[in-house]
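Single-letter residue listing:
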Amino acid sequence: MSAPEPVDGVPQPWQPAPAPLPAVPVAPWDEGAEAAPPSPSGRGITPRVVLRALRRYWWQFLLLWGASSVGLAYLAYTKIKPTYEPAALLQIEPEDTAIFAQQGTPAGGFEVVLETHVQQVKNPEVLFPALHDPSVVTLARVSGALDPEADLRKELRVELQKGTHLIKVSLPSPDLKEAVKIVNAVAEAYKEWASNRASNQSDQQVKRLEEEERSLGERVDEKRRQIRDLVRNAAQPLAAVAEKGDPRAGAQGLDSLRNTVTLSDYQRLLDDLSKIEFEIGEAKALLKRHQAERDDPATAAVARQEVEAQLDNDRELADLRERWQLLHDRYNLAAGRLRGAGDATLVGILQRMDDLKKKYNDRREARRPDVERRVRQGLAGGLEPKIKEVETRIAILSERRRMAEKRLKDLKVTATSEAKAADRENVEIVFAKQELARIEGMLEKVSARLAQVKFDQTQAASRIAVTKAKPAGNVPIDRRLMMAAAAPALMLVLSLGLFVLLEVHAERVADPDELPGRLRLGVIGIVPPLPTQRSARALPWRDEAARSQREVQAFVQSLDHLRVTLWAGRRPGAGHRCILITSACGSEGKTTLAAQLAGRCANAGLTTLLIDADLRRPALGTLLEVPEGPGLADVLAGDVEPEAALVVIGNAGGFHLLPAGTPGHDPSRLLQGERLGALLAQFRGAFDIVIVDAPPVLAVPDALQLGRWCDGAVLAVRHDSSRYSLVERANQRLAAVGVPVLGAVVNGARPVEASYSNYTYAAPGAPGPSA
């Protein structure tokens, strides 16, 4: 087809033939539709991304991993000091079996007692005297801390040894002697505190029991006086009856009582009344204890411990402690380098430490009332149901006591009224003796309980035994080897993660199937790596020559696929083709692709012209071993005719090259001139296909100027090297100036279609795959 006629002397761009060369996207695109969302594939961290990162950065990864692992292991071994954990043992013995009662401490209840001891070891009333022990108060760990009690409460370990009555009190520390002194001081302070607490509780219980014993003793004396008066009053009537010789004298009163009510019933009522009164006394004592805890919980050990724990966990106070600790570490570091305690730097740090310490103490004391109030409300809320329960029980027992007393009174009145006048005193004596026996029984129980409490009080101090920690025999906890061994694994994960993130962030074209979804750019060809000459190192079990031949065949077949795709749709006489080969950036294989494609087109019988339009960095002449001479630049400048600049490649004569030409011309001026359109139109009429090797799109505008006179552009994309963002930018720039992008050709990626089940098509006589 002849070139288009100039309009007013200006050559016009070549218009596509009636059957233009179509782009070949994976899926058709509707120009009026919204852009499809990018495919998420390839953007996340997948095993393929990890393998690509390792393949690309393997030596950097090994270098970073090795150096960082060695450095971290060295720091761990030199900076981490071995720690010791000396332990003191508290042996808590249960209460001895009661010597005056029938039972001692319940077996199941002693586990609760042991757990209570464990929780009370960190009581402020224990830690405070322990830290002010003369052997502890001067230690650097105590004197150099902003709040040593809070620090000790966090670091001290208190554990109940399973299956024993032993409580282990330990403190991890790199300073063995210091930790031993603190642990022993805490153990001794707890023993003293627990003994004093048990003694105070016993004193209160003894006082209550003594008061109750005294009250019952007074009632016994009163009842005995009453019986003596009744006996004395009843002596005269009995004597008169005896003088008359009545043999039933003295027995009528008892017979009358037996007829009215049996003594066993009366004794049963008396026993019930004694039991009810005893339970009421126990319930009232429990009620007083709960009310005391509710009204003044700040005096309870658990309340003080909870208050201190909440203050320790306060965020602002914790920040102040951290700031003070940083200044303390900074002071120690500066003191090791500077001479003299009067240095201005050290003085300034000490002043700031004092200010922080004062601020910390003020804030802690300012917040203490609110915390105590919250703790008090919490404890009161927990004790209130118990108090109501005990009050309800006391009310029920009081009603039962009232009813029992009424029944006893009714029995006494009935028996006395039905007895004869001479026998009433005897009936009252019987009732009085029964009541005396009941009161004496209660007095005996109280006396036995009092004796038991006094006995326990003498044994309280010996129920807690302390086994002190010793400096000798403590095996250090050396975590240096463990940390040094963990360093390679840690750095392996971190180093691998770093390079994987670099790979993900780079967004290289690693999978040709992702291009259509992410860039709306069809893939019209996948070209494997260009085969290279292999050295003569064939092994007995590997046919290197056959393998190399198969790679050559795969490379040739991929180019033939591309040739057929570009030539598709052309009908005889429909016109010739002019294809622009370019890329987004340099080093993406566009020049090699253009040369190899031109060779395959010529091999297929098409008269082919390959134009080196990269006037700034020509490379086709060197690649095809063509000597320097005139070329495109000279033709556009008018220095030579086109026929004089063409170079025949090979012996067949169907493959011609138009080199870039003599350097020194301005490419922008030459490509913008009027001769480019006429020249390409002339070549269209002379050759079946014209392939133009253009510069990268993003580097210079030459490809945009050349694309106006071509049927379309093919973007060369380097597999595992080109960036999605740059390819997309090049595609947009070509589309902006009206250059149709026919599709992308991915270089360096082995196509899957080249082999099916280990069977490869090859040219006649070419070696196929080994059987």
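Engineer: Run through the overall build of the chain, naming residues and quoting values.
Structural biologist: Of regular secondary structure, the chain possesses 24 helices and twelve strands. Buried residues in the chain amount to 39% of all 771 residues. The long-range fraction of contacts in the chain, counting pairs at least 24 apart against all pairs at least 6 apart in sequence, stands at 83%. For the chain, the exposed surface amounts to about 42,600 Å²; the carbon and sulfur share of it is 55%.

Engineer: An account of the environment of Leu-494 is requested, with residue identities and associated values reported.
Structural biologist: Along the chain, Leu-494 falls in helix H14 (residues 480-506). When the C-alpha positions of Leu-494 and Leu-64 are compared, they lie 10.0 Å apart, and in sequence the two are 430 residues distant.

Engineer: Any chance you could break down the sheet that holds strand E8 (residues 647-648) for me, citing the residues and the numbers?
Structural biologist: Read from one edge to the other, the open sheet built from eight strands follows the order E5-E12-E11-E6-E10-E7-E9-E8, with strand pairing classed as mixed. On the outer flanks of this sheet lie strand E5 (523-527) and E8, each paired with one strand and no other. Bridging between strand E7 (residues 608-612) and strand E10 (residues 689-693) involves five bridges; their strand directions are parallel. Residue pairing for E10: Asp-612 is matched across the bridge by Asp-693. Each of strand E6 (577-583), E7, strand E9 (655-658) and E10 touches helix H22 (residues 675-686); the most contacted strand, E7, lies at about 155° to it. Here helix H24 (residues 724-736) sits on the sheet in contact with E6, strand E11 (712-718) and strand E12 (741-747), set at roughly 170° to E11.

Engineer: Outline the pattern of salt bridges, listing residues and values.
Structural biologist: Per the counting criterion, the structure on display carries 23 salt bridges. The residue Arg-508 makes a salt bridge to Glu-503 at a minimum N-O spacing of 3.2 Å. We classify Glu-503 as buried; its relative accessible area is 3%.

Engineer: Outline the sheet that holds strand E1 (residues 87-92), listing residues and values.
Structural biologist: Strand order in the open sheet formed by four strands is E2-E3-E1-E4, and the pairing between neighbours is antiparallel. In this open sheet, the two strands that pair with only one neighbour each are strand E2 (157-160) and strand E4 (464-467). Neighbouring strand axes in the sheet, compared pairwise and without regard to direction, differ in orientation by 20° on average.

Engineer: Any details on helix H1 (residues 47-56)? Residues and values, ideally.
Structural biologist: Buried within H1 we find Val-49, Arg-52 and Ala-53. Buried positions in H1, seen along its axis, are confined to an arc of 100° and lie on one side of it. Opposite the buried face of H1, by more than 90 degrees, sit the exposed residues Pro-47 and Leu-51. Looking at the buried side of H1, the elements it contacts are helix H2 (58-79) and H14.

Engineer: So what about the environment of Leu-706? Which residues, and what values?
Structural biologist: Looking at the secondary structure, you find Leu-706 in helix H23 (residues 702-707). Along the sequence, Leu-706 and Ala-613 sit 93 residues apart, while their C-alpha atoms lie 8.3 Å from each other. Contacts of Leu-706, omitting those with residues within four sequence positions, involve Leu-580, Ala-613, Leu-671, Leu-676, Val-692, Ala-694 and Pro-695.

How each quantity is defined
Residues numbered from 1 in each chain as written. Predicted model: local features only at pLDDT ≥ 70, side-chain atom pairs only at ≥ 80, totals over all residues. Heavy atoms only, no water. Helix = DSSP H or I, 4+ residues; strand = E, 2+ residues; numbered from the N terminus. Buried < 20%, exposed > 50% of the residue type's maximum accessible area, 1.4 Å probe, protein only. Contact = heavy atoms within 4.5 Å. Areas by Shrake-Rupley, 256 points an atom, 1.4 Å probe, with all protein chains shown as cover. Pairing = 2+ DSSP bridges. Axes fitted to C-alpha atoms, helices over the stretch in contact; angles between N-to-C directions. Salt bridge = Lys/Arg side-chain N within 4 Å of Asp/Glu carboxyl O. Arc of directions from axis to C-beta.

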